[in-house]
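# Survey of secondary and tertiary structure
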Amino acid sequence: MDYDTYGSNAVELAIHLANADRATDPDWAAAFLRAHDEWFTPETALTLSPAETRRAAATADLVRAVALAGSQDDVIARLNELLALARPHPYATDHDGELHLHYARPDAPVLDQLTTTVAMGLSQVVAQHGWQRLGVCSAEACDDVYVDTSRNASRRYCSNTCASRSTVAAYRARRKA
Ligand SMILES: [Zn+2]
Ligand SMILES: [Zn+2]
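Predicted, not measured: the structure shown is a model, and the values here were computed from it. (Residues numbered from 1 in each chain as written. Chains lettered and ligands numbered in written order. Predicted model: local features only at pLDDT ≥ 70, side-chain atom pairs only at ≥ 80, totals over all residues. Heavy atoms only, no water.)

Turning our attention to the overall build of the protein chain. Helices and strands together make up the secondary structure of the protein chain, namely 6 helices and 4 strands. A globule of 177 residues ought to have a C-alpha radius of gyration of about 16 Å, and the protein chain, at 17 Å, matches this closely. Its C-alpha atoms give the protein chain principal-axis dimensions of roughly 60 × 35 × 35 Å. Burial status across the protein chain gives 41% buried among its 177 residues. Once local pairs closer than 6 in sequence are excluded, the contacts in the protein chain between residues at least 24 apart make up 56%. Surface accessibility of the protein chain: about 10100 Å² in total, with carbon and sulfur atoms responsible for 51%. (Helix = DSSP H or I, 4+ residues; strand = E, 2+ residues; numbered from the N terminus. Rg over C-alpha atoms; globule rule 2.2 N^0.38 Å. Buried < 20%, exposed > 50% of the residue type's maximum accessible area, 1.4 Å probe, protein only. Contact = heavy atoms within 4.5 Å. Areas by Shrake-Rupley, 256 points an atom, 1.4 Å probe, with all protein chains shown as cover.)

Right, dumping it as structure tokens:
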């Protein structure tokens, strides 16, 4: 399928945020920002207060809720909750050599840049390609979410790792039977 590049990358940022491991590190959000620092204007401070970390978690929860929603009404309600947190401010740039648009002000605090990019990227993909493109991994013991960018919308797993783990498990189950 033909995704707008920035929008499709932004939805991947949303998916990564939803799947971030929050259990092991109280500073998970700052670690997430550092791991995805190419998304933020270079001078942006990648630090978060505890309250901001909770807001990042709320954004992650909303992305997950959109991916898990089972009806269009539910998707719309969750998306609007997420969009209410965004502070969109279209901004043209060619920082990577290509003229393209960013969703947030370049001087916005990092949490605003993150929330706005995630909310706008996710909404744009859902509006253009349908909410059925979002799902939760079918592998046993994995509940990560994904966005399906395959041509025939046939994706069932969050990653190749989960896909092959499940194939092996199914093969073993068949052999046992
Ligand atoms: Zn850019
Ligand atoms: Zn998985």
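From this point, the narrative continues.
It is worth spelling out the coordination of the zinc ion (ligand 2) at this point. Taken together, the protein ligands of the zinc ion (ligand 2) are C137 (SG), C142 (SG), C158 (SG) and C162 (SG), with distances of 2.3 Å. One can describe the site at the zinc ion (ligand 2) as tetrahedral: its 4 donor atoms subtend angles covering 106 to 114° at the metal. One chain supplies every donor for the zinc ion (ligand 2), spaced along it as C-x4-C-x15-C-x3-C. In this pair, C142 sits in the loop between strand 3 (134-136) and strand 4 (145-147) while C162 sits in helix 6 (residues 160-176), placing the two residues 20 residues apart along the sequence. Overall, the relative accessible area of 16% leaves C142 in the buried class. (Donors = N, O, S within 2.8 Å, 3.2 Å for Na, K, Ca; no water. Tetrahedral: all angles 85-135°; square planar, octahedral: opposite > 155°, others 65-115°.)

On to the coordination of the zinc ion (ligand 1). Taken together, the protein donors to the zinc ion (ligand 1) comprise H95 (NE2), H100 (NE2) and H102 (NE2), at separations of 2.0 to 2.1 Å. Look at where the donors of the zinc ion (ligand 1) fall in the sequence and you get H-x4-H-x1-H. Classification of H100 by relative accessible area gives buried; the value is 16%. You can call H102 buried: its relative accessible area is 18%.

Bringing the UniProt feature "domain: Zinc finger CGNR" (unreviewed entry) in the protein chain into the picture now. As recorded in UniProt, the sites labelled "domain: Zinc finger CGNR" (unreviewed entry) are residues 133-175. Taken as a whole, residues 133-175 contains 37% helix and 14% strand, while its terminal C-alpha atoms sit 33 Å from one another. (UniProt positions renumbered as here; feature names shortened; annotations may be inferred.)

Two side chains with opposite charge may pair up if their charged atoms get near one another. Tallied over the entire structure, the rule returns 6 salt bridges. In this structure, D61 engages R22 in a salt bridge whose closest nitrogen and oxygen atoms are separated by 2.7 Å. On the criterion of sequence distance, the pair formed by D61 in helix 3 (residues 50-68) and R22 in the loop between helix 1 (5-19) and helix 2 (28-35) is long-range, its members being 39 residues apart. D61 gets classed as partly exposed once you look at its relative accessible area, which sits at 42%. The exposure class of R22 is partly exposed, given its relative accessible area of 27%. Across the pair D112 and R87 runs a salt bridge, and its minimum N-O distance is 2.7 Å. Pair noted here: D112 is in helix 5 (residues 110-129) and R87 is in the loop between helix 4 (72-84) and strand 1 (91-93), with a separation of 25 residues, a long-range link. For D112, a relative accessible area of 12% puts it in the buried group. Three or more residues are tied together by salt bridges with common partners; here these are D74, R78 and E81. (Salt bridge = Lys/Arg side-chain N within 4 Å of Asp/Glu carboxyl O.)

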